[in-house]
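Topology and contacts: notes
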Amino acid sequence: MKYWIPVVLMLAAVAHSAEVTGAQAELLQARTALEAGQFREALQHAARVQAFYYRDAEVLAAALYYEAAVDHKTGVSRATVSALTELKTLYPDSAWCRKAVEELEKTEQGSQ
Amino acid sequence: MWPLFSFAQESQPASELATRQLLKHADDLLKNRKAAEAVPVLEEVLLRLEGLEEANALEARASAQYQLGLCCLAVEQYEQAAETFQLFVQNFPEHESVLDARFLTLEAFAWQKDPVPMQAYIDALKQSGEFDRLLSVLGQKNDATRHAALSLVSAYSKTADFKSVQRFLPFCDEDALSDVGLNLALMDGGDLAVESGEYLDAMQFYREVQLSAELMVGYDRRLVALTAELEISLPWVPLVEREAQQEQWASETNRYERMVTERANLEKKNYDQDLMVRMANCYDRMERRWNAYVIYHHVYTDFPESRSAERSRYSAFQCLAALEEMTLAQEEAKAYLELYPVGRYRDAVTLGLMQIHLHLKDFPAAEALGLILRAQEPEHRYCDQVTYLLGYLQFERQNYEAALDLFQKTASTWPERIYAEEAVYWQGMCSLFLGRFADAVAVFEGYLNDPDRNPKTMEDDVTFRLGMARYGLGEYETCKEIFKTFLTQFPDSDLLSEACSMLGDLYGADGEMNPALAYYAQGRECAVNAEQESYAVFQAVQVYDLLDRHEDLIALLEDYLNESGEEGDFAKAVLRICASRRALEQGAQALDACFNAIVRFGNTPLEQADLLFTDLQDEVIDPLRGGVSADEVLQRLGSVREAALGDAEQGILALRLTALFAGISENPEAYDAFLFSQESLELFTPLPLRRFAEVAAARGETDRAEAAFKLFEERYGDSEDVIPMMNVLLRFLLDAGRYDEALTLADDILMRYPDAPAASQTHLLDADALRLSKRYDEAIEKYKAFASVRAWRGPRTPQALYWTGVCQLEQGNIAEACAWFQRAYVLYGQYPEWTAKAYAASVECLQKLGQQEDVIRTWREMVADPNVVDTPEGRQARAELSKLQEAVQ
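Note that this is a predicted model, so its numbers are computed, not measured. (Residues numbered from 1 in each chain as written. Chains lettered and ligands numbered in written order. Predicted model: local features only at pLDDT ≥ 70, side-chain atom pairs only at ≥ 80, totals over all residues. Heavy atoms only, no water.)

1. Description of the overall build of chain B
Across its full length, chain B carries 48 helices and zero strands. For chain B, buried positions account for 52% of its 889 residues. In chain B, the share of contacts with a sequence separation of at least 24, taken over all contacts with a separation of at least 6, comes to 55%. In the structure as shown, chain B presents an accessible area of about 42600 Å², 49% of it carried by carbon and sulfur atoms. (Helix = DSSP H or I, 4+ residues; strand = E, 2+ residues; numbered from the N terminus. Buried < 20%, exposed > 50% of the residue type's maximum accessible area, 1.4 Å probe, protein only. Contact = heavy atoms within 4.5 Å. Areas by Shrake-Rupley, 256 points an atom, 1.4 Å probe, with all protein chains shown as cover.)

2. What about the overall build of chain A?
A count of helical and extended segments in chain A gives five helices and zero strands. Listing every helix and strand of chain A by position from the N terminus yields α-α-α-α-α. Within the span of chain A, comprising 112 residues, buried residues form 49% of the whole. Taking contacts inside chain A between residues at least 6 apart in sequence as the whole, the part at least 24 apart equals 54%. When the accessible surface of chain A is totalled, it reaches about 5700 Å², and 53% of it is carbon and sulfur.

3. Quick word on the packing of aromatic side chains
Taken as a whole, this structure holds 39 aromatic pairs over all chains when the rule is applied. The interplanar angle of 55° and the centroid separation of 5.7 Å between the aromatic rings of Tyr66 of chain A and Trp96 of chain A together place this pair among those described as tilted. Of this pair, Tyr66 of chain A sits in helix H3 (residues 57-74) while Trp96 of chain A sits in helix H5 (residues 95-111), and the two are 30 residues apart along the sequence. Both residues of the pair, Tyr66 of chain A and Trp96 of chain A, count as buried. Residues Tyr336 of chain B and Tyr340 of chain B carry aromatic rings whose centres are separated by 4.9 Å and whose planes lie at 45° to one another, so their mutual orientation is tilted. (Phe/Tyr/Trp six-rings, centres within 6.5 Å; stacked < 30°, edge-to-face > 60°.)

4. Quick word on the side chain of Asn291 of chain B
Mapping Asn291 of chain B onto the fold places it in helix H16 (residues 289-302). Residue Asn291 of chain B is classed as buried on the basis of its relative accessible area, which comes to 2%. A distance of 2.8 Å separates polar atoms of two side chains, one belonging to Asn291 of chain B and the other to Gln50 of chain A. (Polar contact = N/O pair within 3.5 Å; in protein donor to acceptor, adjacent residues only side chain to side chain.)

5. A few points about the nonpolar core
Of all hydrophobic cores here, the largest spans 189 residues; its most connected members are Leu87 of chain A together with Leu106, Leu138, Phe168 and Ile295 of chain B. Among the elements that line this core, the one with the most residues is H3 of chain A, at 11 residues. Leu106 of chain B has contacts with Tyr121, Ile122, Phe131, Leu134, Leu152, Tyr156 and Phe168 of chain B, leaving out every residue within four places of it along the chain. Of all hydrophobic cores here, the second largest spans 143 residues; its members include Ala573, Phe595, Ala597 and Ala817 of chain B. (Core = buried A, V, L, I, M, F, W, Y, C linked by side-chain atoms within 4.5 Å.)

6. Overview of the interface of chain A and chain B
Counting residues at the interface gives 32 residues for chain A, matched by 34 residues for chain B. Taken over both partners, the interface formed by chain A and chain B buries close to 2700 Å², and the fraction arising from carbon and sulfur atoms is 58%. There are five salt bridges connecting chain A and chain B. Close ionic contact of Glu86 of chain A with Arg207 of chain B constitutes a salt bridge, the shortest N to O distance being 2.9 Å. If you look at where chain A meets chain B, you find 12 residue pairs in polar contact (both at pLDDT 80 or more). Elements with a minimum of two residues in the side of chain A that touches chain B: helix H2 (39-52), H3 and helix H4 (83-90) of chain A. (Buried area = accessible area lost by both parts, 1.4 Å probe. Salt bridge = Lys/Arg side-chain N within 4 Å of Asp/Glu carboxyl O.)

7. Considering the side chain of Gln204 of chain B
Tracing the sequence through the fold places Gln204 of chain B in helix H12 (residues 199-208). Exposure remark for Gln204 of chain B: the relative accessible area of 16% places this residue in the buried category. Once you skip the residues sitting within four places of it in the chain, Gln204 of chain B turns out to touch Leu90 of chain A together with Phe162 and Gln166 of chain B.

8. Quick word on the confidence of the model for chain B
When pLDDT is averaged along chain B, the result is 88; 97% of the residues meet or exceed 70. Scored below 50 in pLDDT, residues 1-10 of chain B shows 43 contacts in the model against residues more than four places distant or in partner chains. (pLDDT = per-residue confidence, 0-100.)

9. Some points on H4 of chain A
The complete set of buried residues in H4 of chain A reads Ala83, Leu84, Glu86, Leu87 and Leu90 of chain A. Each buried residue of H4 of chain A lies within a common arc of 160° when the element is viewed along its axis, so the set occupies one face. (Arc of directions from axis to C-beta.)

10. A look at helix H39 (residues 722-735) of chain B
All names here are of chain B. Helix length check: H39, at 14 residues, gives a terminal C-alpha distance of 20 Å against a target of 20 Å (1.5 Å per residue), a fit within 8%. Within H39, 11 of the 14 residues are buried, which leaves it mostly tucked inside the rest of the structure. Next to the buried residues of H39 lie helix H37 (686-698), helix H38 (702-716), helix H40 (739-752) and helix H41 (759-772). Directly after H39, the chain includes Gly737, whose backbone phi takes a positive value near 75°. (Expected span 1.5 Å × (residues − 1).)

11. Side note on unusual backbone geometry
All names here are of chain B. Residue Pro455 follows Asn454 across a cis peptide bond; omega there is 0°. Relative to the assigned elements, Pro455 resides in the loop between helix H24 (437-448) and helix H25 (459-472). Its identity as a non-glycine residue notwithstanding, Glu324 has a phi of 60°, on the positive side. If you trace the backbone, Glu324 turns up in the loop between helix H17 (309-322) and helix H18 (326-339). Residue Lys361 is not a glycine yet carries a positive backbone phi of 60°.

12. A look at the pattern of salt bridges
When the charged atoms of two side chains lie near each other, side chains of opposite charge can form a pair. Evaluated as defined, the whole model comprises 53 salt bridges over all chains. We note a salt bridge from Glu195 of chain B to Arg285 of chain B, for which the minimum N-O separation is 3.4 Å. With Glu195 of chain B in helix H11 (residues 180-195) and Arg285 of chain B in helix H15 (residues 272-285), the pair connects residues that are 90 residues apart, well separated along the chain. Here the residues in one salt-bridge network are Glu67 and Glu86 of chain A together with Arg207 and Arg288 of chain B, joined through shared partners.

13. Considering the packing of helix H3 (residues 55-74) of chain B against helix H4 (residues 78-91) of chain B
All names here are of chain B. Across the interface, H3 lies against H4 with an axial gap of 8 Å and an inter-helix angle of 160°. The orientation of H3 relative to H4 falls into the category roughly antiparallel. Crossing hand, H3 versus H4: left-handed. Residues Arg61, Ala62, Gln65, Tyr66, Leu68, Gly69, Leu70, Cys72 and Leu73 of H3 lie in contact with H4, whose contacting residues are Tyr78, Gln80, Ala81, Thr84, Phe85, Leu87, Phe88 and Asn91. (Axes fitted to C-alpha atoms, helices over the stretch in contact; angles between N-to-C directions. Parallel < 35°, antiparallel > 145°, perpendicular 65-115°, else oblique. Left-handed = near helix turned anticlockwise from the far one by under 90°.)

14. Description of the packing of helix H31 (residues 570-583) of chain B against helix H33 (residues 609-621) of chain B
Running from amino to carboxyl end, H31 of chain B crosses H33 of chain B at an angle of 35°, the nearest separation of the two axes being 7 Å. In contact with Phe570, Ala571, Val574, Leu575 and Arg582 of chain B of H31 of chain B, H33 of chain B contributes Ala609, Leu611, Leu612, Asp615 and Glu619 of chain B.

15. Some points on the environment of Gln617 of chain B
Residue and element names in this part refer to chain B. Along the chain, Gln617 turns up in helix H33. Taking the relative accessible area as the measure of exposure, Gln617 reaches 16% and is therefore buried. Here the alpha-carbon distance between Gln617 and Leu660, two residues 43 residues apart in the chain, equals 6.3 Å. Not counting chain neighbours up to four residues away, the residues in contact with Gln617 comprise Ala659, Leu660, Gly663, Ile664 and Leu687.

16. Describing the environment of Lys269 of chain B
Residues and elements named next belong to chain B. Tracing the chain through its elements places Lys269 in the loop between helix H14 (239-268) and H15. Lys269 sits in the exposed class, given a relative accessible area of 58%. For the pair formed by Lys269 and Ser212, sequence separation is 57 residues and the distance between their alpha carbons is 9.1 Å.

17. As for the confidence of the model for chain A
In low-pLDDT regions, the fine details of the predicted coordinates are not to be read closely. Residues and elements named next belong to chain A. Predicted confidence across chain A gives a mean pLDDT of 80, with 75% of residues reaching 70 or more. Per-element mean pLDDT across chain A ranges from 78 in H5 up to 96 in H2. Note that pLDDT drops below 50 for residues 1-16; the model gives that stretch 37 contacts with residues more than four away or on any other chain.

Here is the structure:
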């Protein structure tokens, strides 16, 4: 029988190198796409991390950061609860949240 | 644990037993776990002991009260249980079990469906500081606290209180966390949070749920422990406790068997996909569609047999549609319809796919889908919407009669549904477009006067269209009143500007130009988009033109250009300013306006900027206009081109100017070479792209020519400016001998743009294709038809006459041919290229007819015509005359 084992779902309990690599690979691709201005691709990679690797708070926060960064760059997010809101609400003490506040919110305020 | 009472069992009612016997009876019942029977006995005990202050009596009362609470919990009388434990704490505040009782109170509240008393109790505990002590009880790991933590987390989950869940979850050990009930409760908590819009709480609930792989690990561990317990022989207990011991053992055995079954079920069927779909739904509600989509995609891709697969594919389609990922959405919808031809969401997917086709303007595909659904499933959830969309499609195709039927059906069959109101509006619109203005008025007024239709969300649109319908009936005064009322009734409407412009048109038609201009000014003022502003401005321009108020016209358009810039119809405005300058005999200023506009707008990628360049090119080329010479243009704009060539940001301007110079220069080779040296066509706008294609075709670079045609079709395929480029393509096909393709293309262009001025050349090329296909009679008809259109008379008319002559000549009709050639040079002498050809061809005919005198006379005419004498044909005529003279001498 086939079981779906979300690749890094068990990360919290057992750190598995292959699974960590999977999450990190997605994050790396999200970052690369973001930097290349390929926002659609960046969102897809960030979404996969949030969907399949959510037990690891660190990678989840990173994925939320990349999604928030795309929202910020495109200015087209229509989300009722944005990635930035989720990051600030659930991971307020994470480095990713501080980075988001520093880079995204302050830029926004500066441009107003 | 509390010591149990030890009384003999009696069959008498509790109220008839002596107190000592009563206590013994209660003890027996508790030992045998007969909670329901114990409740009235314990109540009687409490009644008997009430008011007694001796230590033993107090201890017994405390014990009875606590046990009563436990029994009430066991028989699921949660309200009474909570009340009893609270009473216990109140009556025996110093008792060692007060913390336990408080906790049990919380559990009793937690299991009640109403969260309010529980929250009140927690608030009271927090205020008194007892809550922290309560948590310390849970920290002690034993069966009671394990069960308590599990119960509390489950209970809080059922009220979607994630903060409390977070508080108690750490007290759940691995066994508790792998409890299916707990995990289902967490999912329920997530669902409730979603329903109340607390999406982040919901995601946290879902993220705490263990998946089947994790659960099975927990089950295996618990089963090993339980097996070990059951394998140990039962210890000896007194006879009186034997029954309870057996029951306990049976209960554990049952638990084991139940767990084995649950473990087996987990392998066969689990809630993993349900959980994933719930998380996806939650992201969907948050409008974070990519997050939702990747989960849906995962579910139906990796678990195609799952009960969630169909729903996931449908939801994935909806996500993609919301993301405006139209291509992916179409693929998703098509896959759904193939996989689930009678699926639960077939109607919804079909409707969604129809809407996507509509969005992409693929009307035939949208209609085909709607008709298939209607044929296969006459009754479905979205009949009204599909019928409405089918009506809209008919309207788009200008089949107003059919559209009217469908809108009428939508409005009358489903008057309460979403599109009913719009269907009424479109009924009126159909009547309007059918010219049945009275019907339109009836529909619109019926809508406006319907007391049951409240609110009227389309009141402003309908009022506006009512005005249009009255206009159609020729009731201009009523029409004016409607639009004036509109201005006061709907001051915030998006149609305000259009109403003002309509009033401008009405007053203008009556010759009342000042009110007309005032309304156009107002229309411009309140315009909500560039189109409305442009309409008002250019209508005012028309009035100024009629009044010969060119200065005012120029001032208005210069202001418009300053205000709107690239947002407005800048090319049209500039060309109109130039025309007015010329009307004022200010030719130099007209040219200045044109040159300045080229500098200002020439680098924008907007297609309309090319008009500035093509108009200037025509001005130079067309001898009938002759407003400016090629040299002047090259001189004035040469430095601009040089500057643009040196600035990477001015690439579009450089290309446009190069194409212009190539088009007007006597030596275009260098300009053409520059255009042709460009590796990328990215910055090419219509004019340079057309020139590029011409050069490529002339050089026989078929691939590059076709690349240019393809790019043009992709970028500008919908614009009227496509025609000149298509004419280049036609010429290319003719030169390549691909006459059938040329004929097909020409037919297509002429069908799409029958009245466009640029289609005149297409007519000519169409005739050329017939001629080259040796279909001379058809070609002659086409050339004649072309020459008969007064509006097309110009440099191409002598061509049409000349080629008609050629067709006649090819068929051996020499006299007819000669007549056509003569007509060409007599009537169109101002176009020397074709005049010379026509002269030469007529000479050929006259020679064949043996009319030598006429031949000589024609040669003399050619030599005498200054426009012809220096053409190759003119030089040939002079040579023939010389030869003749020498022969005579």
